[in-house]
Amino acid sequence: MAQDLHLNDPADAPSALQLRQVSLSYGDTAVLRDLSLAVAPGAFTAVVGPNGCGKSTLLRVLGGALAPSQGQAFLDGASLAGLRRKAVARRLAYLPQNPVAPEMITVRDLVARGRYPHQTLLRQWSPADALAVEAALADTDLADLADHPVHTLSGGQRQRAWLALVLAQDAGIMLLDEPTTFLDIRHQIDLLELCARLQRAGRTLVVVLHDLNLAFRYADRVVMMRSGRIAAQGEVRQVVTEDAMRQVFDLECRVLPDPETGSPMVVPRRGGQG
Amino acid sequence: MTRGTPRLIAQPPRLLRAGNWLAWPVAPRALAYAALLLALAGAVLATTLRAGDPGLSWSALWLALQGAGGAVEQWLVHTVRLPRALSALGAGAALGLSGALFQSLTRNPLGSPDVIGLTAGASAGAVAVAMVWPGLMPVAWGAAAGALLATAGVWFGSGAGFAAPQRMVIAGIAVGAIAFAFVQYGLSNLRREQAYLAAAWLNGSLAGKTWTDVALIGAAGALLLPLGLALCARLRLLEMGDDLAQALGATPSRSRLAATLVAVLAAAAAVTVAGPVAFVALAAPQIARRCVPASGPQPLLAALTGAVLLAGADLLTRLAGPNGLPVGVLTAGIGGVYLAFLLVLEWRKTST
């Protein structure tokens, strides 16, 4: 992917996202239980945990797509529920797990839809929109495919197109729900490198990831979830221990320093039920 | 793309702009298609005014339009042919608009008002106030109420609102059947001559339209088309799923309700004027987006396409003879074939 990022300065200084004592149930099933969380501004936070532990639900609440049954979400100290949706969307971007690509849409048109929060009914285009779209296409290495229909792209290219959409949105905080699913290792690395560059450029990232070793390598903070609760959160190098892995994943493992980066690396033991 | 020196020259799209306050991107192909449709609509309108028995020459038509010329010609143009042509154009446009909004809402070309029982509901409503309980309210209101009821029925019947397009089609068939049964009940109570007239209307017919019809469909179009256009940007977001739409700043439930209301009212207005004409609402948006080609709802292009389709079909039935078919029979025939074609396409897509 392109080395330089063409970010407009995120309009506001580092923003922060907070959950205070949030609970949420689908019917009788509690999905999030009394969960409190502060997303550090400027950090790359990985959210990990076993299947069904509430990671996606956590992201949906952070992104404002779900209102918690109890507790509140805050954006820069203001209650998320009380803010205008469009104003929130200029500061907070959220890429859900399975967005639907409309029929017959080109990559550029898809990416341009990310500019909606910056547009009004009468002004549905501005030079800033065009710049942001082209920059997002370049950053995700999609400039050459910009005029191709989305349905002709490979899985990896399509995932990058969705990422370009939230990049074009130009928000200071980005929530990404398993953006590396369906990608081969090469594309996973490319995508995480892009996330790391976005962080260096001043963005705040919260990313649900499945591959633990990649997550711990690229993220600087981690939220470990189990059964709708946060089991551990903090600096990756402090939080990720053999004990924590046992508690969160029921996994017997060794945690070694990654020979490449020194970040924690999880090596499961054979027959490693906890 | 060369590394490090990405192309940042933004290519501005064609814009519809006015000063600093208006900037709408417009695709050149969409403009060309719209111009073609306007020309076609003009041709159909002129032919409708001239053709028939007796036919009018260009000069006679010109005189009559200016309010001069013979009394017969004036009567033909002003009282018979012009209201009929304008009603056809208006009703077709309303159906196209309704179809474009519904197909976008349901993300399904089959989610159009005639398939999901909405036009059947509108006919049942119209029959209810015109024949079963005459004088309860104006026929147009009855049609709107029937369409709303049918939509509500589909909404509940699918068990998931409009979020499950496949189930909507099935729920729509059920609602359509109920509405049709009610229509048949209404007809069975009528005397033979009345039933004959009603049956013509229920096939969809533009015979005997007056300026009242033109005023109704014109007012509906003037109100609903701008609303449909204003909702376009939000519908484009909804097509990507509720979560992403909301994250981008839309309010999915509210936008969906607004678009549903506009689509239902447009269909109800069209049914009030022309009867439950089949096929136009289903096909017009699909034809429009395949000609342009474009993603997202295209309310204006779909409306223009619908206007040309319905007025063109009406012209054909009129040329077929003085006791020609009701236009709905023609459109239903073509529509059945087209619907089968769409279904096959859909099934091919889901089976691969």
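Residues numbered from 1 in each chain as written. Chains lettered and ligands numbered in written order. Predicted model: local features only at pLDDT ≥ 70, side-chain atom pairs only at ≥ 80, totals over all residues.

Another aspect to go through is the overall build of chain A. Scanning chain A from N- to C-terminus turns up nine helices and 12 strands. A compact globule built from 274 residues should have a C-alpha radius of gyration of about 19 Å, and chain A, at 19 Å, falls within 12% of that. A fraction of 65% describes how many contacts in chain A between residues 6 or more apart in sequence connect residues 24 or more apart. (Helix = DSSP H or I, 4+ residues; strand = E, 2+ residues; numbered from the N terminus. Rg over C-alpha atoms; globule rule 2.2 N^0.38 Å. Contact = placed C-beta atoms within 7 Å.)

On to the pairing of strand β7 (residues 173-177) of chain A, then. All names here are of chain A. For β7, the buried fraction is high: five of the five residues fall into the buried class. The two faces of β7 match: I173, L175 and D177 on one face and M174 and L176 on the other face are all buried. In this structure, strand β6 (residues 92-95) lies alongside β7, joined through four bridges in parallel fashion. In the sheet register, Y94 faces β7, and the bridge partner there is L175. Sheet topology places β7 next to strand β8 (residues 204-208); five bridges connect them, and they run parallel. Note on β8: the bridge partner recorded for L175 is V206. At this point the chain moves from β7, through helix α6 (residues 185-200), to the parallel β8, and the crossover so formed is right-handed. (Buried ≥ 20, exposed ≤ 12 C-beta atoms within 10 Å, placed from the backbone. Pairing = 2+ DSSP bridges. Right-handed = clockwise from strand over helix to strand, strands pointing away.)

This part is about the confidence of the model for chain A. In the predicted model, chain A carries a mean pLDDT of 88, and 93% of its residues have values of at least 70. Scored below 50 in pLDDT, residues 7-15 of chain A shows 21 contacts in the model against residues more than four places distant or in partner chains. (pLDDT = per-residue confidence, 0-100.)

All names here are of chain A. At Q21, a position not held by glycine, the phi torsion is positive, near 45°. By the element assignment, Q21 lies in strand β1 (residues 17-26). The backbone of D250 shows a phi angle near 55°, a positive value even though the residue is not glycine. You can see D250 is positioned in the loop between α9 (242-249) and β11 (251-257). The class for D250 is exposed, based on 12 C-beta atoms found within 10 Å.

Residues and elements named next belong to chain B. Here helix α3 (residues 71-106) is 36 residues long and its end C-alpha atoms lie 51 Å apart, about the 52 Å a rise of 1.5 Å per residue gives. The principal kink in α3, of about 40°, is found at R81, preceding the proline P83 by one to four residues. Taken across its 36 residues, α3 has 27 buried, putting it largely inside the fold. A positive phi of about 50° marks R107, the residue just after α3. (Expected span 1.5 Å × (residues − 1). Bend = angle between axes of the 7 residues up to and from the residue.)

A separate point is the sheet that holds β6 of chain A. Residues and elements named next belong to chain A. The six strands are arranged β6-β7-β8-β3-β9-β10 in an open sheet whose pairing can be described as mixed. If you trace the sheet from one side to the other, it starts and ends with β6 and β10 (229-235), each paired once. With strand direction ignored, the average angle separating the axes of adjacent strands in the sheet is 15°. Pairing of strand β3 (residues 44-48) with strand β9 (residues 221-226) involves four bridges; the strand directions are parallel. Bridging across to β9, T45 finds its partner in R221. The strands touched by α6 are β3, β7 and β8; relative to β8, the strand with the most contacts, the crossing angle is about 155°. (Axes fitted to C-alpha atoms, helices over the stretch in contact; angles between N-to-C directions.)

If you look at soluble globular proteins, the nonpolar side chains tend to sit buried side by side. With 189 residues, the main nonpolar core has V111 of chain A together with A94, A266, A267, A269 and A270 of chain B as its most contacted residues. What A94 of chain B contacts, discounting residues up to four positions off in sequence, is I217, A220, G221, A266, A267, A269 and A270 of chain B. Listed in part, the five residues of the second largest apolar core include L56, A60, A64 and L76 of chain B. (Core = buried A, V, L, I, M, F, W, Y, C linked by C-beta atoms within 7 Å.)

Counting residues at the interface gives 35 residues for chain B and 40 residues for chain A. Mapped onto the side of chain B that touches chain A, the elements with two or more residues apiece are β2 (22-25), α8 (211-238) and α9 (242-247) of chain B. Of the residues that constitute the side of chain B that touches chain A, the class distribution is 21 nonpolar, seven polar and seven charged. (Nonpolar A, V, L, I, M, F, W, Y, C, P; charged D, E, K, R; others polar.)

Another aspect to go through is the environment of V150 of chain A. Residue and element names in this part refer to chain A. With respect to the helices, strands and loops of the structure, V150 is situated in the loop between α4 (127-139) and α5 (155-169). You can call V150 buried: it has 22 C-beta atoms within 10 Å. Along the sequence, V150 and L191 sit 41 residues apart, while their C-alpha atoms lie 18 Å from each other. Other than its neighbours up to four places away in sequence, V150 contacts A101, I105, T106, V107, L110, R158 and A161.

A few words now on the packing of helix α2 (residues 58-65) of chain B against α3 of chain B. Residues and elements named next belong to chain B. Here α2 crosses α3 at 75°, and the two axes come no closer than 9 Å. On the basis of the axis angle, α2 is roughly perpendicular to α3. Along its contact with α2, which presents A60, L61, A64 and L65, the element α3 presents E73, Q74 and V77. Split into classes, the residues belonging to the contact of α2 with α3 amount to five nonpolar, one polar and one charged. (Parallel < 35°, antiparallel > 145°, perpendicular 65-115°, else oblique.)

Turning our eyes to something else, we now look at the packing of helix α4 (residues 118-132) of chain B against helix α10 (residues 252-274) of chain B. All names here are of chain B. At their nearest, the axes of α4 and α10 sit 9 Å apart, and the two run at 55° to each other. In terms of orientation, α4 and α10 fall into the oblique class. In the crossing of α4 with α10, the sense of the turn from one axis to the other is right-handed. Contacts between α4 and α10 involve L118, T119, A122, S123 and A126 from the first element and V264, A267, A268, V271 and T272 from the second. Looking at the contact of α4 with α10, its residues break down into seven nonpolar, three polar and no charged. (Left-handed = near helix turned anticlockwise from the far one by under 90°.)

All names here are of chain A. Spatially, β2-β1-β4-β5 is the arrangement adopted by the four strands of the open sheet, whose pairing is antiparallel. Of all the strands in the sheet, just β2 (29-39) and β5 (78-79) have a single pairing partner and so form its edges. The pairing of β1 with β2 spans seven bridges and is classified as antiparallel. Across the sheet, S25 pairs through a bridge with A30, a residue of β2. Helix-sheet contacts for helix α1 (residues 55-62) involve β1, β2 and β4 (70-75), and the interaxial angle to β1 is about 125°.

Moving on to the confidence of the model for chain B. Residue and element names in this part refer to chain B. For chain B, per-residue confidence averages 84 on the pLDDT scale, and residues scoring 70 or more make up 92% of the total. In this model, residues 1-11 is a region of pLDDT below 50 whose contacts with residues beyond four sequence positions or in other chains number 24 contacts. As scored by the predictor, the complex reaches a pTM of 0.87 and an ipTM of 0.88.

Residues and elements named next belong to chain A. Within β3, five of the five residues are buried, leaving the element largely enclosed by the surrounding structure. The pairing of β3 with β8 spans four bridges and is parallel. Residue V47 lies in a different strand from β8, and its bridge partner there is V208.

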